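# Analysis of the macromolecular model
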Amino acid sequence: MAEDKKTIGLTESNKKIMDQLVEKAGFKRDMDAAKFAFALAVNRGKEPGSVEGAGTIWNVGSFDEGGDLKALVQNLFPNADAPYRALESLMNTGFALLADEMKANPGLRVENLLKNDADVKA
Amino acid sequence: MLAIRSITLTDFGPFKDEQRIAFPADGGVSIIYGENMRGKTTLLNAIRYALFGRVIARGATEMALHQIGNWETAKEKGKYGFKVVLEFEHEGSKYELTREHRPRPGVTKPETDIDYLQECFLRKDGTVLGPDQGTSELARIMPETVSRFFLFDGELLQQYEELLRNESDMGRNIKDAIEKILGVPVLTNGRTDFSEMAKEAQKREAKAAQKNQKTQALGNQQQALITQREGLQSELDRQKKELDAARATKASKEDELRKTERTKALLDERVRLQEEISGAETRLKEKDEKRKELLTVAWKGLLSSRIRATREALQMELDAMRETHRKAVVTEDLSEKLRAALAAGECSTCGQGLGAEAKERIGKLVAQSMPKEERLKIETSIQKLDTRIAALRQSESGSNADLLREVQDAIDDLKVRKAAAEDKLIDIREQTKGLDEAEVRKLYGEYDKTVADIGLLQNGITNSEGALASINDQITRVAAEMAKFADADLESERARKELCEKLKDLFSQAVDAYRERLRGKVEKDATSLFVQLTSEPEYKGLSINDSYGLTIVHQDGTTIPVRSAGAEHIVALSLMGALQRNAPLRGPIVMDSPFGRLDDAHTTKVVQALPDMASQVMLLVYESELDPKDVRNQLKGKLKKEYKIGRKSARYSIIESIA
């Protein structure tokens, strides 16, 4: 198994998107928005890949205190041998998707996105 | 008849610099259009200012004159003060009335009314009248007490409903004004004069009696009674004067209280809004926290279907693996027994020996059983799957989109309600700025005291009148005793006294008869106008009471006890028109926003009736109140002049002639 990451983060552009989302949607912490972005990417069938230029924002220990996310990534993507690297990749992908959503709909609401995406997959 | 020919305003309200409105010489209807805040009421006030030196704000309160000057002129040129010149005709003479407020010498920036000097002069047929002459001439042409029937604000027409309440001070004031415009005081003054003359004659009679030895004692007694009566009369007059003053105070306090009631309602509303905002803020915080909590796990909701699908797939895999494992365990148990049989060469259950064929078959079965290593591998896989499924369950949760939406909707609703409450609060704060609550309490105290004073004065008057009646009885008895004695002087004075008393009685009867006739005429004319103005065919007219209050009469003969604001307006206009027709004093009607409470049908009828209400009518209206095209069609040649008050800036309006 490849060595996994101890810290994860976002690219500069995705960090800006996260900041916007936190402010607009009212997430309590930025990591809640990041997990949401990760979930969106997963829900839309995106696969983990590599991220270029991601800065360091969170320590994986604080980001995923109980290790649930790691387990989830491992479950959803059994072939990913570095779950946090996969998580980082997917959350960056998720923010890019959210950027498109916000561009298409400046008054975007999380609950609508949640409802629509959940409905699509249900 | 008074007819206004022009009005020239200089820096009066929004009318910056000098601006003039000319009215046609042949009367008719003139209309001045102006949107809200352009200065329609200011124009009405300019006429009032020129005639009486006063300006009335909304709510019938007197306005500080310091606030009248044009703000732009003051700001740009540092010039304060204002002027109105009113040109009018009356009984064949031409008048030019000029009234001006200018800062006192030495005052560069006036701050209150005291900082101004008022100048007023009246020119009659080109000659300037002396100050006293000018004042008395103006009071004769247009007494201020009757001005309410010439210059009126449509919004205040509901005051006339007070005439239906006999005990209302406002109603009493209006009744007095109505009688004044109708000329009743000419007769009541005559009655008072003859009453005074009769009293004088009585004194002379007493003096004549004192001169005769036979009647001297009676004369002395009569003189003493008359002196006593004079004292009582003087006290009664004082009490009545005080009662009038107290009633005026009460009316004014009632007016203030009405405003205070509104203020109190505003204060209560302010508190309620503050509580509503504070409550909304608390609930917003709660909802926001709830929303944040929901957003923290929103990602799980988003993945719920994906996690569930994965978990279910893993569960199926696990189930299959468990089945394989179960079978392997069973097979392994059997294999153990077969291995033992092979080793022993006999069946472990029945003890029968195994033949070669049986041994071969058993050997094959044993070879087919799952190797132990493989079974252990399955067990490990089962454990891993269990862990994975447990982990998935950990991340799995139902979608909270609906809950989140519910919370967000609640937040949106709270925000809207809070914003609405904040807007209202800003308005109310503005309206209650500088409010002195102690002053409000003081006002209530003063009102209660005035009401108590009125009660005491009324009792005092009743007692004084009783004492006066008793003295008058005694005076009459003594006079009858004196009449028994023959004396030329005494008889002559008695004849004078009796003549005065008869004349006083005649005037008293005349007052009653004139009042009765006037009421009949006013009722008839008001009815005629009302029928013309109302759009309700079942209303056949108006019925008048002793105070000139008018009640609507239905065609079935019953009266309409409660009427709408619109109906009240029509009744008040009918009264105005009837008073104009019956008053010896006539003049123009200047109406500010008279159609605000009326629907289109009533507005049309009122417009058509305007030329019949007075020979000169000036309307101050906004266009949505009265459509210029409609009014031209309705009035045709009777519409003589139209002006429009245009906007130059918020503090600068300009009067433009339309046609």
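Quick notes on the rules
Residues numbered from 1 in each chain as written. Chains lettered and ligands numbered in written order. Predicted model: local features only at pLDDT ≥ 70, side-chain atom pairs only at ≥ 80, totals over all residues. Helix = DSSP H or I, 4+ residues; strand = E, 2+ residues; numbered from the N terminus. Buried ≥ 20, exposed ≤ 12 C-beta atoms within 10 Å, placed from the backbone. Contact = placed C-beta atoms within 7 Å. Nonpolar A, V, L, I, M, F, W, Y, C, P; charged D, E, K, R; others polar. Axes fitted to C-alpha atoms, helices over the stretch in contact; angles between N-to-C directions. Parallel < 35°, antiparallel > 145°, perpendicular 65-115°, else oblique. Core = buried A, V, L, I, M, F, W, Y, C linked by C-beta atoms within 7 Å. Left-handed = near helix turned anticlockwise from the far one by under 90°. pLDDT = per-residue confidence, 0-100. Expected span 1.5 Å × (residues − 1). Pairing = 2+ DSSP bridges. Right-handed = clockwise from strand over helix to strand, strands pointing away.

This part is about the overall build of chain A. Looking only at helices and strands, chain A has 6 helices and 2 strands in total. Residue burial in chain A is summarised as follows: out of 122 residues, 41% are buried.

Moving on: the overall build of chain B. In terms of regular secondary structure, chain B is built from 15 helices and 14 strands. Within chain B, the proportion of its 659 residues that are buried is 29%. Looking at chain B alone, contacts between residues at least 24 apart form 74% of all its contacts between residues at least 6 apart.

Here we take up the interface of chain B and chain A. Taken residue by residue, the interface counts 24 residues in chain B and 26 residues in chain A. For the side of chain B that touches chain A, the secondary structure elements donating two or more residues are helix 6 (216–296), helix 7 (298–344), helix 9 (372–395) and helix 10 (401–431) of chain B. Taken together, the residues of the side of chain B that touches chain A break down into 9 nonpolar, 9 polar and 6 charged.

This part is about unusual backbone geometry. The phi angle of most residues is negative, glycine excepted, and most peptide bonds adopt the trans form. All names here are of chain B. Look at Met-37: it is not a glycine, yet its phi comes out positive at around 70°. Within the secondary structure, Met-37 sits in the loop between strand 3 (28–34) and helix 1 (40–52). Looking at Met-37, the number of C-beta atoms within 10 Å reads 14, which means it is partly exposed. If you check the backbone angles, Glu-91 has positive phi at about 45° while not being a glycine. For Glu-91, a count of 8 C-beta atoms within 10 Å translates into the label exposed.

All right, on to the packing of helix 4 (residues 68–76) of chain A against helix 5 (residues 83–104) of chain A then. Residues and elements named next belong to chain A. One can describe the packing of helix 4 onto helix 5 by two numbers: an axis separation of 9 Å at closest approach and a directional angle of 85°. In terms of orientation, helix 4 lies roughly perpendicular with respect to helix 5. Together, Leu-69, Lys-70, Val-73 and Gln-74 of helix 4 and Pro-83, Tyr-84, Ala-86 and Leu-87 of helix 5 make up the contact between the two elements. Looking at the contact of helix 4 with helix 5 residue by residue, the class counts come to 6 nonpolar, 1 polar and 1 charged.

Counting residues in each nonpolar core, the largest one holds 76 residues, and the members touching the most others are B:Ile32, B:Ala46, B:Ile47, B:Leu579 and B:Leu619. Beyond its immediate stretch of four places on either side in the chain, B:Ile47 contacts B:Ile7, B:Leu86, B:Leu151 and B:Val590. In terms of nonpolar packing, the next biggest core, distinct from the first, is built from 45 residues, A:Val42, A:Phe63, B:Leu392 and B:Leu404 among them.

All names here are of chain B. With their axes 9 Å apart at the nearest point, helix 14 (residues 600–613) and helix 15 (residues 628–635) run at an angle of 45° to one another. By the angle between their axes, helix 14 is oblique relative to helix 15. As for the relative orientation of helix 14 and helix 15, their crossing is right-handed in sense. On helix 15, the residues that touch Thr-604, Val-607 and Gln-608 of helix 14 are Val-631, Gln-634 and Leu-635. For the contact of helix 14 with helix 15, the residue count by class is 3 nonpolar, 3 polar and no charged.

Moving on to the confidence of the model for chain B. Residue and element names in this part refer to chain B. Looking at chain B as a whole, its pLDDT mean stands at 86, while 95% of the residues score no less than 70. When pLDDT is averaged over each helix and strand of chain B, the minimum, 75, is found for helix 4 (residues 169–182) and the maximum, 95, for strand 4 (residues 82–90). Scored as a whole, the predicted complex attains pTM 0.54, and scored at its interfaces, ipTM 0.91.

This part takes up helix 9 of chain B. The end-to-end C-alpha distance of helix 9 of chain B, which contains 24 residues, comes to 35 Å, matching closely the 34 Å that a straight helix rising 1.5 Å per residue would cover. Within helix 9 of chain B, burial applies to B:Arg388, B:Ala391, B:Leu392 and B:Ser395. Considering only its buried residues, helix 9 of chain B is in contact with helix 4 of chain A together with helix 7 of chain B.

Next up on the list: the pairing of strand 12 (residues 616–621) of chain B. Residue and element names in this part refer to chain B. In terms of burial, strand 12 is largely enclosed, as 6 of its 6 residues are buried. Here strand 12 shows a buried face lined by Gln-616, Met-618 and Leu-620 and a second buried face lined by Val-617, Leu-619 and Val-621. Pairing between strand 3 and strand 12: 6 bridges, direction parallel. By the bridge assignment, Gly-28 is partnered in strand 12 with Gln-616. In terms of strand pairing, strand 11 (residues 589–592) meets strand 12 through 4 bridges, oriented parallel. Paired with Val-590 across the bridge in strand 12 is Met-618. Between strand 11 and its parallel partner strand 12, the chain crosses via helix 14, and the hand of that crossover is right-handed.

With respect to the secondary-structure elements, B:Lys484 resides in the loop between helix 11 (437–482) and helix 12 (488–533). Taking the C-alpha atoms as reference points, B:Lys484 and B:Thr215, separated by 269 residues in sequence, lie 9.5 Å from one another.

Summarising the model, chain A shows a mean pLDDT of 88, and 94% of its residues fall at 70 or more. When mean pLDDT is taken per element in chain A, strand 2 (residues 58–59) of chain A scores highest with 95 and helix 6 (residues 110–121) of chain A scores lowest with 72.

Before going further, it helps to spend a moment on the pairing of strand 11 of chain B. Side chains on a regular strand alternate between the two faces of the sheet. Residue and element names in this part refer to chain B. Alternating residues of strand 11 divide into Ile-589 and Met-591 and Val-590 and Asp-592, and every residue in both groups is buried. Where strand 8 (residues 151–153) meets strand 11, 3 bridges bridge the pair, whose relative direction is parallel. Paired with Leu-151 across the two strands is Val-590, which belongs to strand 11.

Turning next to helix 13 (residues 565–582) of chain B. In an α-helix, one full turn covers 3.6 residues, which means residues spaced three or four apart are oriented alike. For helix 13 of chain B, spanning 18 residues, the distance from its first C-alpha to its last is 26 Å, which sits close to the expected 26 Å at 1.5 Å a residue. Judged by how many residues are buried, helix 13 of chain B sits mostly within the fold: 13 of 18 residues are covered.

Moving on: the environment of B:Arg5. Residues and elements named next belong to chain B. Within the secondary structure, Arg-5 sits in strand 1 (residues 2–12). By the C-beta count within 10 Å, which is 16 here, Arg-5 ends up partly exposed. Linking Arg-5 and Phe-23, residues 18 residues apart in sequence, is a C-alpha distance of 4.9 Å. Beyond its immediate stretch of four places on either side in the chain, Arg-5 contacts Ala-22, Phe-23, Ala-25, Glu-87, Phe-88 and Glu-89.

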